[in-house]
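# Breakdown of the fold
Here are the chains, one letter per residue:
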Number of protein chains: 2
Amino acid sequence: MRLSGGMAPHLNTSAATRAPPKSSTAEKLLAAAGELMIARNSPDVSLSEIAQQSGVNAALVKYHFGNKDGLLLALLARDAATEMTHLDYLMAQPITPTAKLKLHIAGIVKAYHRSPYMNRLIHYLLHESSGEAADEVSKFFIRPLLEFHRRLLAEGVAAGEFREIDPVLFYTSLIGACDHLFSGRNAMARAVGIGPVTDEVCRAYIAHIEALTLAGMLKPSASSKARAKN
Amino acid sequence: MRLSGGMAPHLNTSAATRAPPKSSTAEKLLAAAGELMIARNSPDVSLSEIAQQSGVNAALVKYHFGNKDGLLLALLARDAATEMTHLDYLMAQPITPTAKLKLHIAGIVKAYHRSPYMNRLIHYLLHESSGEAADEVSKFFIRPLLEFHRRLLAEGVAAGEFREIDPVLFYTSLIGACDHLFSGRNAMARAVGIGPVTDEVCRAYIAHIEALTLAGMLKPSASSKARAKN
């Protein structure tokens, strides 16, 4: 629980304030919700199941989070806060922008892999819940991540390592590519019989995204020819 | 309507056979469903609205497509068939693999832009409808697209233009990146106040994905240093 950590300004949302980090009951409920979702590999868990799993009276769920969307939002806010703290830490490291980008790519893929419900929770809150919940997710998840990309790209250009890239387009392609390993895998498994996302698949995908993002897919000779033409 | 075209083997599905291309009633219903979704910018249209828009008796919807998922599946199959025919055509062109990849990237983004409901329809059929519908989408959409990537990557490696890349990882990152321009834009608009996906945004994104996929984001000098280290 790092709601009170470095990211507090991003998390001053109704859901976050409804679940202050000091309340151990709220923490228990969030932990129970996360465990149930991991066990079930789905964000489809009911409030009464969460109450039962946590040993907390069901009425307290309503007291702390309002409703189920409020609890899911607080759960995502908790996980997002941890990730965003990592971004602040990463940005402050005395390493090159290229090295930061590599760590960032690995960080995104590992975060999705560590919290397998996070991806589906984001999709659910953004597209299937209330507009209010979607606004909250946008604020505490998308905005700080995009801001990190802006700073990292600017740092890389200033250091002479990156060419100029639009941060919004960059965010869209990188997050889309990382997200799709998790959101698209079931459908691909149906289509071509590949297995689930294991640690090994994650490592291979991190290496793939890193290589593609940094240096593309053209062979060096073809690449310099293509550059020479532009 | 190219259900009977070159892609027929991929489309020998229950939904496709339920909506044979010869039936003008089925065609009318599909056209009406597509128009309604474009007008509403949402796949949430009812069977009775589709019947009314097309001037076709509601009972015939059931006769031709079984239920709403059957109709949505047939609509996606129709659009997918058109796109897959384009892939076959593209693969047969006497141009370099790099040129084919560029046209392919533009083709994906433009297809999503042309049929704004397609993206949400794919997500709906893959994740929120029956497992049977998801299987169909996997077969007529994901499998031929992945097969195209396999052939294009092999051709590019053989021609000395591409380095070796795993087709499943490549598919995941490219489709995820293209998809996210459309599926993630609403959330980004909420977060940072950017506008909708216009023709201009599409053109900029095509150029971005093309440049990133082919040559990455490192500046040429940094890129050769990075390569020298590996």
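First things first, this report covers the structure right here in the doc. Numbering of residues starts from 1 in every chain and runs along the sequence as written. Lettering for chains starts from A, numbering for ligands starts from 1, and both go in the order in which the items are written. Two thresholds apply to this predicted model, a pLDDT of at least 70 for residue-level local features and 80 or more for giving and counting side-chain atom pairs, whereas whole-chain, interface and lining totals are computed over all residues. Side-chain calculation: all heavy atoms of the structure are included, whereas hydrogens and water are not.

## Things to note about the relation of the copies chain A and chain B
- Copy-to-copy superposition: least squares on the C-alpha atoms, limited to residues that have pLDDT of at least 70 in both copies. Taken as rigid bodies, chain A and chain B are interconverted by a rotation of 180° and an axial shift of 0.0 Å, the fit giving an RMSD of 0.0 Å. The transformation relating the two chain copies, once decomposed into turn and shift, fits a two-fold axis. Judged by C-alpha distance, A:Gly216 is the residue of chain A that lies nearest the rotation axis, at 2.0 Å.
- Any two residues whose heavy atoms approach within 4.5 Å at even a single point are treated as in contact. Residue by residue, 100% of the interface of chain A is reproduced at the interface of chain B, so both copies engage with the same surface.

## A closer look at the environment of B:Arg190
- Helix and strand assignments come from DSSP, with helices taken as H or I runs of at least 4 residues and strands as E runs of at least 2, each series counted from the N terminus. Looking at the secondary structure, you find B:Arg190 in helix H10 (residues 185-192).
- When accessible area is computed with a 1.4 Å probe and restricted to protein chains, residues below 20% of their type maximum are described as buried, those above 50% as exposed, and intermediate ones as partly exposed. Taking relative accessible area as the criterion, B:Arg190 reaches 38% and is therefore assigned partly exposed.
- Not counting the four nearest positions on each side in its chain, B:Arg190 is found in contact with A:Gly131, A:Ala134, A:Asp135, A:Ser138 and A:Arg143.

## What to know about helix H7 (residues 116-127) of chain B
- Considered for burial, the residues of H7(B) that qualify are B:Tyr117, B:Met118, B:Asn119, B:Leu121, B:Ile122, B:His123, B:Leu125 and B:Leu126.
- Those residues of H7(B) hidden inside the fold are in contact with helix H10 (185-192) of chain A together with helix H2 (24-40), helix H5 (68-91), helix H6 (97-114), helix H8 (131-158) and helix H9 (167-183) of chain B.

## Some words on the packing of helix H8 (residues 131-158) of chain A against H10(B)
- At a closest axis distance of 8 Å, the pairing of H8(A) and H10(B) adopts a crossing angle of 80°. Comparing their axes, H10(B) and H8(A) come out roughly perpendicular. Facing H8(A), whose interface residues are A:Gly131, A:Ala134, A:Asp135, A:Ser138, A:Ile142, A:Arg143 and A:Leu146, H10(B) presents B:Ala187, B:Met188, B:Arg190, B:Ala191 and B:Val192.
- Within the contact of H8(A) with H10(B), the residues separate by chemical class into seven nonpolar, two polar and three charged. Every axis corresponds to a line fitted to the C-alpha atoms, with the helix fit spanning only the stretch in contact, and the corresponding angles, defined between N-to-C directions, vary from 0 to 180 degrees. Oblique is the label for every angle not falling under 35 degrees (roughly parallel), over 145 degrees (roughly antiparallel), or within 65 to 115 degrees (roughly perpendicular). Ten residues, namely Ala, Val, Leu, Ile, Met, Phe, Trp, Tyr, Cys and Pro, are considered nonpolar, four, namely Asp, Glu, Lys and Arg, are considered charged, and the remaining ones, Gly among them, are considered polar.

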